[in-house]
Amino acid sequence: MIVTTTPSIEGRSITGYLGIVTGEAILGANIFRDLFAGIRDIVGGRSAAYEEELGKARRTALAEMQQTAAALGADAVVGVDLDYEVINNMLMVSASGTAVRLG
């Protein structure tokens, strides 16, 4: 499945819009405690463990969004947006876009 932040796909025509699709992943409060316990791996102001967890959350949110789009019969998701929010000491990563059929 094609996933893009752009509103269209070069060389392909959109033949149908199937609706907005989303995916979310939430990192609980324990992840912050665990990550800060491993603060030793910070190099140059960056924490590899924290970045790895954020990457997992992003991939999970995108995969969930793609599964929802596939269930609608989509060929692609366009206009994808990633958001990161902190809610009650938890980090939420959400992905949203428009599921489309391509010609």
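Residues numbered from 1 in each chain as written. Predicted model: local features only at pLDDT ≥ 70, side-chain atom pairs only at ≥ 80, totals over all residues. Heavy atoms only, no water.

*Asks:* Mind laying out the overall build of the protein, listing which residues take part and the relevant values?
*Replies:* The secondary structure content of the protein amounts to 2 helices and 6 strands. Helices and strands in the protein line up, N terminus first, as β-β-α-β-β-α-β-β. Going through the 103 residues of the protein one by one, you find that 31% of them count as buried. The long-range share in the protein, meaning contacts at least 24 apart out of those at least 6 apart in sequence, stands at 75%. Here the protein has roughly 6,200 Å² of accessible surface; of this, 53% comes from carbon and sulfur atoms. (Helix = DSSP H or I, 4+ residues; strand = E, 2+ residues; numbered from the N terminus. Buried < 20%, exposed > 50% of the residue type's maximum accessible area, 1.4 Å probe, protein only. Contact = heavy atoms within 4.5 Å. Areas by Shrake-Rupley, 256 points an atom, 1.4 Å probe, with all protein chains shown as cover.)

*Asks:* Go over the environment of Ala61, please, and point to the residues and values.
*Replies:* Mapping Ala61 onto the fold places it in helix H2 (residues 48-71). In the structure, Ala61 is positioned 33 residues away from Ser94 in sequence and 5.8 Å away in space, judged by C-alpha atoms. The contact partners of Ala61, leaving out residues within four places of it in the chain, are Gly23, Glu24, Ala25, Val93, Ser94 and Ala95.

*Asks:* Could you give an account of the pairing of strand S5 (residues 76-87), with specific residues and numbers?
*Replies:* If a strand is regular, its side chains alternate between the two faces of the sheet. Pairing of strand S1 (residues 2-3) with S5 involves 2 bridges; the strand directions are parallel. Within S5, the residue paired with Ile2 across the bridge is Ala76. In this sheet, strand S6 (residues 90-102) lies alongside S5 in antiparallel orientation, the contact comprising 10 bridges. In the strand pairing of S6, Val78 is matched with Thr98. (Pairing = 2+ DSSP bridges.)

*Asks:* An account of the confidence of the model for the protein is needed here, citing residue identities and associated values.
*Replies:* Predicted confidence across the protein gives a mean pLDDT of 87, with 80% of residues reaching 70 or more. Across the protein, element-level confidence peaks in S1 with a mean pLDDT of 98 and bottoms out in strand S3 (residues 42-43) with 54. (pLDDT = per-residue confidence, 0-100.)

*Asks:* Could you give an account of the sheet that holds S1, with specific residues and numbers?
*Replies:* Reading across the sheet, the 4 strands line up as S1-S5-S6-S2 and stay open at both edges, with mixed pairing between neighbours. Sheet topology places S1 and strand S2 (14-27) at the edges, where each strand pairs with a single neighbour.

*Asks:* An account of the nonpolar core is needed here, citing residue identities and associated values.
*Replies:* Formed by 16 residues in total, the largest nonpolar core has its most connected members in Val21, Met65, Ala69 and Val77. Mapped onto this core, the elements with two or more residues apiece are S2, H2, S5 and S6. No other element matches H2, which puts 6 residues into this core. Setting aside residues up to four positions removed in sequence, Val21 forms contacts with Met65, Thr68, Ala69, Leu72, Val77, Ala95, Ser96, Gly97 and Ala99. Residues Ile9, Val78, Val100 and Leu102 belong to the second largest nonpolar core, which totals 5 residues. (Core = buried A, V, L, I, M, F, W, Y, C linked by side-chain atoms within 4.5 Å.)

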